[in-house]
Amino acid sequence: MKAKTPSESLTVLTDLVLPGETNYLDNLFGGELLARMDRACSIAARRHSRRIVVTASVNHVAFTKSVPVGSVVTLEAKVSRAFKSSMEIYVDVWIEDRQSGEKTKVNEGIYTFVAVDETGKPVPIPQIEPETELEKKRYAAALRRKQLSLVLAGKMDPKEAKELKALFLD
């Protein structure tokens, strides 16, 4: 199976925040944004694997700035690392200033998806070959996040998590 680059899975979704999607402060509901992020990540995962994909976990979400009603919101998702059947997808969320057009990053998230066959059984997927410095950074960090998750779930002995240990013992 031929490896792919993160850019091959790039998914860009742009949408407008409508009044019915906001809270009492006229900002986008967090849950609404999470749903949009999940959709963008799902498309990126499908583009990478060319298989049915299911959300396995939402590993990280950072709401750093509110998203006001009327905002143009752009989500950019792409696979940051592929494992056997699972893949980590990083999604960045931007809003656009209505007058200047300047973009501001307001949110980011890390999702894990698993590629499955028609019966729901995990299937192998292509590996990732990062190209840019940011892609290489996210690629390396994905392995540490996976190791941490496995250690916390009791599925990996902490002594075996070499990349994770290197953060603390270097």
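Every value quoted in this text rests on a predicted model; they were computed, and no experiment measured them.

### Some points on the environment of Lys65
Thought 1: Relative to the helices and strands, Lys65 resides in the loop between β2 (52–63) and β3 (72–82).
Thought 2: Separated by 29 residues in the primary sequence, Lys65 and Trp94 have C-alpha atoms spaced 9.8 Å apart.
Thought 3: Excluding its chain neighbours within four sequence positions, the residues that come into contact with Lys65 are Ile95, Thr104 and Val106.

### Overview of the packing of aromatic side chains
Thought 1: Here the structure, examined in full by the defined rule, presents zero aromatic pairs.
Thought 2: Across from the ring centre of Tyr90, 3.5 Å away, lies the NZ or CZ of Arg138, which sits over that ring.
Thought 3: One cation-aromatic arrangement involves Lys146 over Phe83; the distance from NZ or CZ to the ring centre is 4.4 Å.

### Re empty space enclosed by the protein
Thought 1: Applying the stated criterion across every chain yields a total of one cavity of 30 Å³ or more.
Thought 2: Each pocket or cavity is described by its volume, and for the largest cavity that value is around 40 Å³.
Thought 3: Lining the largest cavity, in full, are Pro6, Lys78, Val79, Ser80, Tyr90, Glu135 and Arg138.
Thought 4: Of all the secondary structure elements, the ones that give two or more residues to the lining of the largest cavity are β3 and α2 (133–152).
Thought 5: With three residues, β3 is the single largest residue contributor to the lining of the largest cavity.
Thought 6: The class makeup of the residues in the lining of the largest cavity is three nonpolar, one polar and three charged.

Rules behind the numbers
Residues numbered from 1 in each chain as written. Predicted model: local features only at pLDDT ≥ 70, side-chain atom pairs only at ≥ 80, totals over all residues. Heavy atoms only, no water. Helix = DSSP H or I, 4+ residues; strand = E, 2+ residues; numbered from the N terminus. Contact = heavy atoms within 4.5 Å. Phe/Tyr/Trp six-rings, centres within 6.5 Å; stacked < 30°, edge-to-face > 60°. Lys NZ or Arg CZ within 6 Å of the ring centre and 35° of its normal. 1 Å grid on protein atoms, 1.4 Å probe; cavity = no way out; pocket = protein on both sides within 12 Å on 5 of 7 lines; lining within 4 Å. Points joined across faces, edges and corners; volume = space filled by probe spheres on them. Nonpolar A, V, L, I, M, F, W, Y, C, P; charged D, E, K, R; others polar.

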